[in-house]
Amino acid sequence: MQHQERGDQYQNSGAAVFFRRENEPVEKERLGILADGGSGGLFIATDEAVKAGSMLRMRIYNEAAPLGQSELSVRGVVQWCSQVPKGVGVQFVDTREIKGGRLTALLERLMTPARPAPAQA
């Protein structure tokens, strides 16, 4: 996920993201918080250590969504890890959800659009 790309970027959701490494069983899912996201990827706030390059399976939840639309499953690869704020930046690799518009619709429901920084004189 590139921080410079802000056209369809959203922030401050607080939505639950359950994630696990692709080769792990569902019982190993960890809980993170969706802090920032867009059509290219997202930032998951978490205390869990996940190495860059790890392939993840993620389930993003929207409690307020209509029945049958509250969960979106998507895959992604960890691009970077952060200590402050603590979490991981993940790039989506599962493009069928992006192309179908479900991911964008979910992010729009969950999050507020990111505002560009004010221009300095």
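Residues numbered from 1 in each chain as written. Predicted model: local features only at pLDDT ≥ 70, side-chain atom pairs only at ≥ 80, totals over all residues. Heavy atoms only, no water.

*Asks:* Any chance you could explain the pairing of strand 3 (residues 41-45) here in plain terms?
*Replies:* Regular strands place side chains that alternate from one sheet face to the opposite one. Of all five residues that make up strand 3, four are buried, and the element is covered over most of its length. Both strand 2 (residues 30-37) and strand 3 contribute to a ladder of four bridges, which runs antiparallel. Bridging across to strand 3, aspartate 36 finds its partner in phenylalanine 43. Connecting strand 2 to the next strand, strand 3, in antiparallel fashion are three residues. Relative to strand 6 (residues 86-92), strand 3 is paired through five bridges, and the arrangement is antiparallel. Bridging across to strand 6, leucine 42 finds its partner in valine 90. (Buried < 20%, exposed > 50% of the residue type's maximum accessible area, 1.4 Å probe, protein only. Helix = DSSP H or I, 4+ residues; strand = E, 2+ residues; numbered from the N terminus. Pairing = 2+ DSSP bridges.)

*Asks:* Teacher, can you tell me more about unusual backbone geometry here?
*Replies:* Glycine aside, the phi torsion of most residues is negative, and most peptide linkages are trans. Residue proline 85 is reached from valine 84 by a cis peptide bond, and omega for that bond is -5°. Structurally, proline 85 can be placed in the loop between strand 5 (71-83) and strand 6.

*Asks:* What should I look at first to understand the side chain of serine 82 in this one?
*Replies:* As for its position among the elements, serine 82 is in strand 5. The buried category is assigned to serine 82, whose relative accessible area is 12%. Looking at serine 82, its side chain comes within polar contact range of the main-chain oxygen of valine 84, at 3.4 Å. Of the polar contacts made by the side chain of serine 82, one reaches the backbone oxygen of proline 85; its length is 2.6 Å. Sequence-distant contacts of serine 82, defined by excluding residues within four places in its chain, comprise Phe43 and Gly87. (Polar contact = N/O pair within 3.5 Å; in protein donor to acceptor, adjacent residues only side chain to side chain. Contact = heavy atoms within 4.5 Å.)

*Asks:* What am I meant to see in the confidence of the model for the protein chain here?
*Replies:* Do not read the predicted coordinates in detail wherever pLDDT is low. Here the protein chain averages 79 in pLDDT, and 72% of its residues register 70 or above. Of all secondary-structure elements in the protein chain, the lowest mean pLDDT belongs to strand 7 (residues 112-113), at 56, while strand 6 reaches the highest, 95. (pLDDT = per-residue confidence, 0-100.)

*Asks:* Please explain the pattern of salt bridges as it appears in this structure.
*Replies:* Note on pairing: side chains with opposite charge can pair once their charged atoms come close. In the structure shown here, the tally under the stated rule is seven salt bridges. With a closest N to O distance of 2.8 Å, glutamate 24 and arginine 30 form a salt bridge. Across the pair, exposure class does not vary: glutamate 24 and arginine 30 are buried alike. One salt bridge in this structure joins glutamate 29 and arginine 59, with 2.4 Å as the shortest N-O distance. Taken together, the residues span a long stretch of sequence, with glutamate 29 in the loop between strand 1 (10-21) and strand 2 and arginine 59 in strand 4 (residues 55-61) at a distance of 30 residues. A relative accessible area of 22% means that arginine 59 is categorised as partly exposed. Via salt bridges that share partners, Arg21, Glu24, Arg30 and Glu48 belong to a single interconnected network. (Salt bridge = Lys/Arg side-chain N within 4 Å of Asp/Glu carboxyl O.)

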